[in-house]
Structures are given as structure tokens and as C-alpha cells.
Amino acid sequence: MDIRPEDPTQLPTQRRVRLLTQNDRLFHVILAQQFDRDLIDQLCRIAEMIRIIADARAGAKFLNTILSHKRAMLYFAQPSTRTFLSFSAACQVLGMPHNDVRDARTSSEVKGETEDDTIRTLSQYFDLIIMRHPGEGFAEHMAHMLNGMRRNIPLINGGSGKDQHPTQALLDVYTLYRCFAESLVKRIRPEPDSNLFEGKTIAFVGDLKRGRTVRSLAYLLARYGGMRLLFVAPDELQISGDILEHLERNEIEHELMDDLPKIVGDCDAVYMTRLQDEHDADGESKKIDLSRFALTKDMSHLFKPDLAILHPLPRRGELDTALDSDPRAKYFDQMRNGMWMRSALIAYIFGVDAVILDHYYSYYNF
Ligand code: NCD
């Protein structure tokens, strides 16, 4: 990376958030802390509307025109299946042509070009960059750099090292929203100020220390409050202090635990995660006994009847494939929800969410 005059990642969160905003709207999407409850709710509603509109040919055609004048670049410097494909599908939903770089070895970086210059170059050809990168602060640095350019374009973080994955967290909230609203028969318009998370118990299980999805989701859920969060992990992989401090500051009830079978019966949602052993220095986490951190079919007699089982995937042995056919398994729905949520987010960033809302209320609001 180039030498940087100021490190935005070291600034207080509020200033970091301000640097990512333009005209009171999100511009770059880097941190989960950028989303307040109103905005998350609004994005869930837009996602739900897009889902409904896209179902009919005429609706899909309408959506297809919305961003046909913009172009997106998917710059993925780390492996990805779902995030990449759902962003790609989201661009297609909105009619936005897109291109990708998935392997820096095919770019001029092999000729010694810096990553900064690569991003500067992309900013001249595209109107949006969606980025996955192993460096924790990299996307934020790049957003900051773009802010200093004559042509500034939005940048969305599709996963930044062990730190954050805000768009996964958005689709996770949307999934929980749909699960909890389903039982209440409240979808698009939950009563104003109703909090679907009130009184719910949500467990996060697995490698919580290095899993970025749980970190981002904890920030989003803290905007709602009213729920109880259980962090179920072996000591070595337990959630980091910064997240716990954030939950304490926001008075979110939470507990650290180390035995899934013991608490699974109390849960309204269980969010499973895999061991993130790619971050090991020397295979050390492979020695940890993870048997109490797996969800298996033979535990299903303990589950509540409307439990929601989530997993950002990919999975290893921690989530039994025998549960896939259980209606409480929501991890495939989660993927599809991601496509709608990412469509909603891109529409919001380009300020065309109002067009979708208008369309929805003219054609579908019976
Ligand atoms: C997650 C990620 O990349 O952080 N996957 C995803 O985006 N769906 C989870 C993981 O890799 O374990």
C-alpha cells in the first residue's frame, strides 16, 4: 500500500462513519456501524419489494432498467462463492453491467502496480467497486483514497479480513426479520416501532474470534436491542473484547458459553460458523475440540418449533447436512435473501430506492 498521511481506521467511529457518507446518505459501505435501525429496516423493506417485483416478467424488466446506465467492478482478492455470485446477480437484477477481477495475478499488479493504483484505475472505468480483501483496513483506506480523487465512486466492502462483512450482516438481519415476521404475519410493513427481535434469544456458535460475519451482525443487532445474545465458543475462539464492550455500552444482554447442546433449546435463532483456520499461524486451532459446537440432527428434539438455523457458509462438520431438509434450516434462504438485500443496498446507494418504492406502491399495494 502507498504511504498514507492519515489512517482513517484509527479515528473515532463517528468520524469514520462521516467520512463514508455524502449528502446525508451512505456512499461507501465499509462498516456495520454505518447502519442505524431505520436504515436497516428501510433496506429490508426495499429488499422485500424487489423480491416481489422481480417475480413477474414486467416487474423484472422494470428493475432491469434502473441502473443500466451504471457499471460495477467486483474486485475480489480473496476466495468467495456466495458473496461474489449474489452481488453479480444483484447487479443483473438492477440491469447494471459488471466486470470482475478475482485474481490479482491477471492484473498489472504482477508488473509492480500498487493496489492503490489498481483501485484508482478501476474508478475511471466503473461507477461502483465491490471489494473483498484479506487486509482488515484496506477497503476503508481505499474509500478514503477515492474521496480524495476528482472522480469519486462508492465502494462496498464484501469482506475485510477478520474484521467486517457488513453486507452479510444485512442479509442475516433480513433473514431473521423474515423468520420472525413469518410467524407474526408481518412482512413488509411491521407496525411502526415494533421490534421483531424483542425477547428473542440468538446464539452465535463457532469461531467467533476470527469470523467477520458475527462481528458485523452483532453491531447491527445492537441497533435493535431487546434480545439476548449467546456467544458459544471454546475460550480460544471466543468473541473479541471490542464487540463485548460495544454490547455493554448499548445495554444488550449477552453471555459467553461453551456448550451448544445445553442451550440450544432456549434459542429462537442459532447462527453457526465454521473454524476460520486460514488465519492460523501453525494449524493451532485444528487441535481444539469442537464437538460441543456442532449442530446435528440428533439434537433436533431439543429445538423450538420455529427455531431459525442460519450459517453464512461455507460449512465444515459443524452443521449436519441431515438438517438441510428441516424447515428450520434457513441457510439456503439466506443466500437468496442476500441477492435481494444486495440489490436493495446498491439501489439505495445510487438513490433509486424511491423509484422502487413508487413502483411497488403503484402496482402491488393492495
Ligand atoms: C463468510 C465470509 O466470507 O466471511 N462467507 C460468506 O461471505 N458467505 C463466512 C466464512 O467464510 O466462513
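Not measured: the values here are computed from a predicted model. (Residues numbered from 1 in each chain as written. Predicted model: local features only at pLDDT ≥ 70, side-chain atom pairs only at ≥ 80, totals over all residues. Heavy atoms only, no water.)

A. View of the overall build of the protein chain. Scanning the protein chain from N- to C-terminus turns up 12 helices and 11 strands. Computed over C-alpha atoms, the radius of gyration of the protein chain comes to 20 Å, within 12% of the 21 Å expected from 2.2 N^0.38 for 366 residues, which places it in the range of a compact globule. By principal-axis analysis of the C-alpha atoms, the protein chain measures approximately 60 × 55 × 35 Å. The contacts of the protein chain with a sequence gap of at least 6 include a subset with a gap of at least 24, amounting to 78%. (Helix = DSSP H or I, 4+ residues; strand = E, 2+ residues; numbered from the N terminus. Rg over C-alpha atoms; globule rule 2.2 N^0.38 Å. Contact = heavy atoms within 4.5 Å.)

B. Representation of the sheet that holds strand β9 (residues 253-257) within the structure. Reading across the sheet, the five strands line up as β9-β8-β7-β10-β11 and stay open at both edges, with parallel pairing between neighbours. Both edges of this open sheet fall to β9 and β11 (308-310), since each of them pairs with a single strand only. On average, each strand axis in the sheet is inclined to that of its neighbour by 15 degrees, with strand direction left out of account. As judged from the three bridges shared by strand β10 (residues 269-272) and β11, these two strands associate in the parallel manner. Looking at the pairing, V270 lines up with I309 of β11. Helix α8 (residues 212-221) contacts β7 (201-205), β8 (228-232) and β10 of the sheet and is inclined by roughly 160 degrees relative to β7. (Pairing = 2+ DSSP bridges. Axes fitted to C-alpha atoms, helices over the stretch in contact; angles between N-to-C directions.)

C. Representation of the nonpolar core. If you look at the biggest cluster of nonpolar residues, it comprises 80 residues, and the most contacted ones within it are F35, L43, F204, L221 and I346. The dominant element in this core, judged by the number of residues it contributes, is helix α7 (residues 166-184), at 10 residues. For this core, the two domains that each supply at least three residues are domain 1 (8-164 + 336-363) and domain 2 (166-334). Beyond its immediate sequence surroundings of up to four residues, F204 is in contact with V214, L217, L221, L229, L230, F231, V232 and Y271. (Core = buried A, V, L, I, M, F, W, Y, C linked by side-chain atoms within 4.5 Å. Buried < 20%, exposed > 50% of the residue type's maximum accessible area, 1.4 Å probe, protein only. Domains from an automatic or database assignment.)

D. Quick look at the site of the ligand. Lining the immediate surroundings of the ligand are T83, R132, H165, Q168, R212, T213, R274, Q276, P312, L313 and P314. At a separation of 2.7 Å, an oxygen atom of the ligand approaches a polar side-chain atom of R212. Interatomic distance of 2.9 Å between a backbone N/O atom of P312 and a nitrogen atom of the ligand. Calculation on the ligand without its partners gives an accessible area of 320 Å², and the protein chains cover 92% of this total. Class assignment of the residues belonging to the shell around the ligand gives a composition of three nonpolar, five polar and three charged. (Near = heavy atom within 4 Å. Polar contact = N/O pair within 3.5 Å; in protein donor to acceptor, adjacent residues only side chain to side chain. Areas by Shrake-Rupley, 256 points an atom, 1.4 Å probe, with all protein chains shown as cover. Nonpolar A, V, L, I, M, F, W, Y, C, P; charged D, E, K, R; others polar.)

E. Structural view of empty space enclosed by the protein. By the definition in use, this model includes two cavities of 30 Å³ or more. What the second largest cavity holds in volume is close to 30 Å³. As for the second largest cavity, its lining consists of P8, R16, L19, L20, E140, A143, H144 and N147. Secondary structure elements with two or more residues in the lining of the second largest cavity: α1 (13-19) and α6 (138-147). The biggest single contributor to the lining of the second largest cavity is α6, with four residues. Here the residues of the lining of the second largest cavity are counted per class, giving four nonpolar, two polar and two charged. (1 Å grid on protein atoms, 1.4 Å probe; cavity = no way out; pocket = protein on both sides within 12 Å on 5 of 7 lines; lining within 4 Å. Points joined across faces, edges and corners; volume = space filled by probe spheres on them.)

F. Examining the environment of Q78 more closely. Relative to the assigned elements, Q78 resides in the loop between β3 (72-76) and α4 (82-93). The spacing of Q78 and A139 is 61 residues in sequence and 13 Å in space, taken between C-alpha atoms. Ignoring sequence-local partners within four residues, the contact set of Q78 consists of R132, H133, P134, G159 and R212. Side chain to side chain, Q78 and R212 meet in a polar contact 3.0 Å long.

G. Main features of the packing of α8 against helix α9 (residues 241-249). Two elements in contact, α8 and α9, have axes whose closest approach is 10 Å; the angle formed by their N-to-C orientations is 10 degrees. Considered as vectors, α8 and α9 are oriented roughly parallel to each other. Between α8 and α9, the residues in contact are R215, A218 and Y219 and D242, I243, H246 and L247, respectively. Its residues placed into classes, the contact of α8 with α9 shows four nonpolar, one polar and two charged. (Parallel < 35°, antiparallel > 145°, perpendicular 65-115°, else oblique.)

H. Spatial organisation of the sheet that holds strand β5 (residues 128-133). Taking strand neighbours across the sheet as the criterion, the four strands line up as β4-β3-β5-β6 in an open arrangement whose pairing is parallel. Strands at the two margins of the open sheet, each flanked by one partner only, are β4 (98-101) and β6 (155-160). Each neighbouring strand pair of the sheet contributes to a mean axis angle of 15 degrees, computed without reference to strand direction. Where β5 lies against β6, four bridges are found, and the strand directions are parallel. Looking across to β6, one finds that H133 is bridged to S160.

I. Seen up close, the packing of aromatic side chains. Taken as a whole and judged by the stated rule, the model has eight aromatic pairs. Centroid distance F76 to F84: 5.3 Å. Interplanar angle 90 degrees. Geometry classified as edge-to-face. Assigned by exposure class, F76 and F84 land together as buried. Ring geometry for F197 versus Y224: centroids 4.8 Å apart, planes at 65 degrees, classification edge-to-face. Taken as a pair, F197 in the loop between α7 and β7 and Y224 in the loop between α8 and β8 lie far apart in primary sequence, 27 residues in all. Y224 shares its class with F197; the two are buried. We note R25 situated over the ring of Y348; from NZ or CZ to the ring centre the distance is 4.1 Å. (Phe/Tyr/Trp six-rings, centres within 6.5 Å; stacked < 30°, edge-to-face > 60°. Lys NZ or Arg CZ within 6 Å of the ring centre and 35° of its normal.)

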